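A structural walkthrough
For reference, the chains in residue letters:
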Amino acid sequence: MASWTSSEFLYEEIKPPGIHFLERFKRSGKLSFKQYQGMVFVLTFIAYIAFHASRKPNSIVKGTLSKPSTGHFKATDQGGWAPFDGPDGTALLGQIDLAFLSVYAVGMFVAGHLGDRLDLRTFLTIGMIGTGVFTALFGVAFWANIHNFYYFLAIQTLAGWFQSIGWPCVVAVLGNWFDKKRRGVIMGVWSAHTSIGNIIGSLMATGLLKFGWGWSFVGPALLITFLGIVVYLFLPVNPPAVEAERDGTEVDSTMRLGDTITESFLSSRMSTGFDRRAVGFLAAWKIPGVAPFALCLFFTKLVSYTFLYWLPFYVSQTEIGGEHLSQETSGNLSTLFDVGGVVGGILAGYFSDQLDGRAITAGGFIYLTIPALFLYRTYGHISMAINIILMFTAGVFVNGPYALITTAVAADLGTHKSLKGNARALATVTAIIDGTGSVGAAIGPVLTGYIAAISWDAVFYMLMTAALISGLLLTQLIIAEVKTLLYGSSEDDEVVAASEPRPPIDVLI
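**Thoughts on the pattern of salt bridges**
Enumeration over the complete set of coordinates arrives at 6 salt bridges. In this structure, the salt-bridge partner of Asp97 is Lys62, at a minimum N-O distance of 2.8 Å. Taken together, the residues span a long stretch of sequence, with Asp97 in helix 4 (residues 89-115) and Lys62 in helix 3 (residues 56-65) at a distance of 35 residues. Judged on exposure class, the residue Asp97 and its partner Lys62 are both buried.

**Considerations on a nonpolar patch on the surface**
On the surface, a nonpolar cluster with roughly 850 Å² of combined accessible area is contributed by Ile129, Val133, Leu137, Val140, Trp143, Phe211, Trp215, Ile229, Tyr232 and Leu233. A total of 5 residues in the nonpolar patch trace back to one element, the largest contributor, which is helix 5 (residues 120-144). By the secondary structure assignment, Ile229 is in helix 10 (residues 213-234).

**Brief notes about the nonpolar core**
Ranked by internal contacts, the top residues of the largest apolar core, which has 130 residues, are Trp177, Trp213 and Val315. Residue contributions to this core peak at 18 residues, all from helix 13 (residues 290-317).

**Overview of the packing of aromatic side chains**
This structure, assessed with the given rule, holds 34 aromatic pairs. Look at Trp310 and Phe313: their rings are 5.5 Å apart centre to centre, the planes differ by 80°, and that puts the pair in the edge-to-face class. Highlighted residues: Trp310 and Phe313, both in helix 13, separated by 3 residues, approximately one helical turn. The rings of Trp81, Phe84, Phe138, Phe142, Trp143, Phe149, Tyr150, Tyr151, Phe152, Trp213, Trp215 and Phe217 are connected pair by pair, giving a single aromatic cluster. For the cation-ring pair, Lys62 lies above Trp310, with the distance from its terminal atom to the ring centre recorded as 4.9 Å. The residue whose ring lies beneath Arg121 is Tyr232, and the NZ or CZ to ring-centre distance is 4.5 Å.

**Considering unusual backbone geometry**
Of note, the bond from Ala82 into Pro83 is cis; its omega dihedral lies within 30 degrees of zero at 10°. One can find Pro83 in the loop between helix 3 and helix 4. One non-glycine residue, Asp356, lies in positive phi territory at about 55°. Along the chain, Asp356 turns up in the loop between helix 14 (327-355) and helix 15 (358-379).

**Concerning the environment of Gly80**
When you line up the elements, Gly80 lands in the loop between helix 3 and helix 4. What makes Gly80 buried here is its relative accessible area of 1%. Sequence separation of Gly80 and Ser66 is 14 residues, and the distance between their C-alpha atoms is 5.3 Å.

Procedures and definitions
Residues numbered from 1 in each chain as written. Predicted model: local features only at pLDDT ≥ 70, side-chain atom pairs only at ≥ 80, totals over all residues. Heavy atoms only, no water. Salt bridge = Lys/Arg side-chain N within 4 Å of Asp/Glu carboxyl O. Helix = DSSP H or I, 4+ residues; strand = E, 2+ residues; numbered from the N terminus. Buried < 20%, exposed > 50% of the residue type's maximum accessible area, 1.4 Å probe, protein only. Patch = residues over 30% accessible without salt bridge, like charges linked within 9 Å, V, L, I, M, F, W, Y side chains within 5 Å. Areas by Shrake-Rupley, 256 points an atom, 1.4 Å probe, with all protein chains shown as cover. Core = buried A, V, L, I, M, F, W, Y, C linked by side-chain atoms within 4.5 Å. Phe/Tyr/Trp six-rings, centres within 6.5 Å; stacked < 30°, edge-to-face > 60°. Lys NZ or Arg CZ within 6 Å of the ring centre and 35° of its normal.

Structure below.
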């Protein structure tokens, strides 16, 4: 059993109790490496499904909370809910979204820094159970007849902090178990958890809405709390912690992001053990590719989260085929955007592996987002069939690059060759990229809350402008990848590059 004690690391890694239980059913008394990989894939996948499912109730109940009410203090889901049922209701809901996402963005940087220094299994469990508690407390306002705006603001602020723990942890754990071979496809499939979580959260929240909007929050809260316990019992954080040994079937490979990574991350860690020094925050920003992808995700996530928080409301406020849809139907219909996101994430991962070009793939999807958004706004109201097709298409191009950058790209950069294999950087780099994106995610929904009161056309122009800027930020990386695809690099160049001494990044900065 692997354990460490260091002033820089505040924990001792131990084998989860659930692993001890499972080993009793194995004749050899040990699980195979591939079984551990399968367990990690599934547990991190369902964990983040639960995180996203617990975010969806807010968008589903927006229309219910903001309805003009005849009795503000009547516990009903049919007549609005003070203080959101007034003329400034959408602005107040936008402020709550801003509070959640702002704390989420800041918390992401802190959680990533801590994630490389704490036991990821325990830290992730705290994030999941804490998220469940505060998601449920938002719904408790329905039965407790709470109408104080600052109650809702405080609950969402605390929920945002616990939500921020999830992403750096799951990406870091997955990166500890999988090398770079076909990482784009593997993480493309794995990144479907975002859209599947949105779908499950939407269906759960809309299904429970008829019993009262409070249940829309309690249902997802119970789900993530239960899964948090499962994660604590069974999640193996890394191979040394469970004494896992490679069975010889995994083949190491290399992958390029800007320049070639010369050795497999997993093989180097399995052969030498985990270096306990965590990468510093400033050092992580210096890794080639981190800054442009982080800034790109700022605008990409602005677009994605605007849809996450406002699409059901937009659908309910827009005539489709000459009629307005109910709140429940609008919520169910909006899940097609996330279905498109599942397809987009897988396609983006596949194309990036085939082209060996993360920036080319991300940029291509981002630029195609612009006409997709224009067509959805312009023609989505004509009929239900057209709305479905265009919504699905928009989901493919909006969520495809978002999934690619937050998974495969973050994992590649977190194991960049400039670190010389001597730093724990996955959680920190993941937090920098997704944390920067989350700042954009905080800005998009709150701007939409104000702009939508004037014109939905203006909202879509804002989203298309954000997509354009996002694509332009990748220009230098795209050009470098295109040159490599067209001209490659000669063996002489590679020999010279390999022979030139390059000092590793100071991991403690």
